[in-house]
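# Close look at the chain arrangement
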Amino acid sequence: IERTFIAIKPDGVQRGLVAEVINRFERKGYKLVGIKAIVPSKELAEEHYGDLKARPFYKGLVNYMTSGRAPVIAMVWEGPDVIRQGRRIIGATNPLDAEPGSIRGDYTISVGRNAIHGSDSFESATIEIGLWFKPTEVFDWKFTHEEWIISAN
Ligand code: GTP
Ligand code: MG
């Protein structure tokens, strides 16, 4: 069973998109196995976006994530193909390329304020979940109606 790290960024929280984001993943059938509000330290944000260190917007990106003007809502979602499907639910990095119907496509217009993050691969999902969550903050549980969401064959 696959898991991904999804984070509502401070602008998404300011914009009142928390319930909307959770709704879209929940209604799809994915399972929320971890959630918390957190103002990330500079170290955490820098590590999370380590692959973008050389980019001109890196410093602004780290400042935006760590300002504390709103927390980040950090989540772990579980289910079949959730990493790739999560990226589809979120939409393209640049909101002007994001399809209507996706979160970024519906609610954002600026790449520097694109409301939400989602892991882009199995490797980054594993790293990011480990970075943002302690093992005890992520829960193994089953829907009592799991058979109505995921068929055995
Ligand atoms: P995340 O899910 O947040 O990782 O976005 P992504 O995987 O769709 O894009 P990427 O990892 O390449 O970039 C990470 C984040 O950096 C983006 O979500 C944006 O918030 C920010 N970013 C990327 N490109 C730009 C840019 O050209 N300008 C600015 N200001 N921010 C950017
Ligand atoms: Mg990314």
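Parameters and conventions
- Residues numbered from 1 in each chain as written.
- Chains lettered and ligands numbered in written order.
- Predicted model: local features only at pLDDT ≥ 70, side-chain atom pairs only at ≥ 80, totals over all residues.
- Heavy atoms only, no water.
- UniProt positions renumbered as here; feature names shortened; annotations may be inferred.
- Helix = DSSP H or I, 4+ residues; strand = E, 2+ residues; numbered from the N terminus.
- Rg over C-alpha atoms; globule rule 2.2 N^0.38 Å.
- Buried < 20%, exposed > 50% of the residue type's maximum accessible area, 1.4 Å probe, protein only.
- Contact = heavy atoms within 4.5 Å.
- Areas by Shrake-Rupley, 256 points an atom, 1.4 Å probe, with all protein chains shown as cover.
- Near = heavy atom within 4 Å.
- Polar contact = N/O pair within 3.5 Å; in protein donor to acceptor, adjacent residues only side chain to side chain.

Where an unreviewed UniProt entry is consulted, the protein chain appears under the name Nucleoside diphosphate kinase, with the organism given as Rhizoclosmatium globosum. The record in UniProt for the protein chain states the following under Cofactor (unreviewed entry): "Mg(2+)". Per UniProt, the protein chain has the following entry under Sequence similarities (unreviewed entry): "Belongs to the NDK family."

Here we take up the overall build of the protein chain. Within the protein chain, the regular secondary structure consists of 7 helices and 4 strands. The order of α-helices and β-strands along the protein chain, N terminus first, is β-α-α-β-α-α-β-α-α-β-α. Relative to a compact globule of 153 residues, whose C-alpha radius of gyration would be 15 Å, the protein chain shows 15 Å and is just as compact. Dimensions along the principal axes, computed over C-alpha positions, put the protein chain at roughly 50 × 35 × 25 Å. Looking at the protein chain as a whole, 44% of its 153 residues qualify as buried. For the protein chain, the proportion of contacts with a sequence separation of at least 24, taken over those separated by at least 6, is 78%. Of the accessible surface of the protein chain, which amounts to about 8700 Å², a share of 54% is contributed by carbon and sulfur atoms.

This part is about the site of ligand 1. Around ligand 1 sit 13 residues in total, of which Lys9, Arg87, Thr93, Asn114 and His117 are the nearest. Between ligand 1 and the protein, one listed contact pairs an oxygen atom with a side-chain N or O atom of Arg87 at 2.7 Å. Considering ligand 1 on its own, with 590 Å² of exposed area, one finds that the protein chains cover 77% of that surface.

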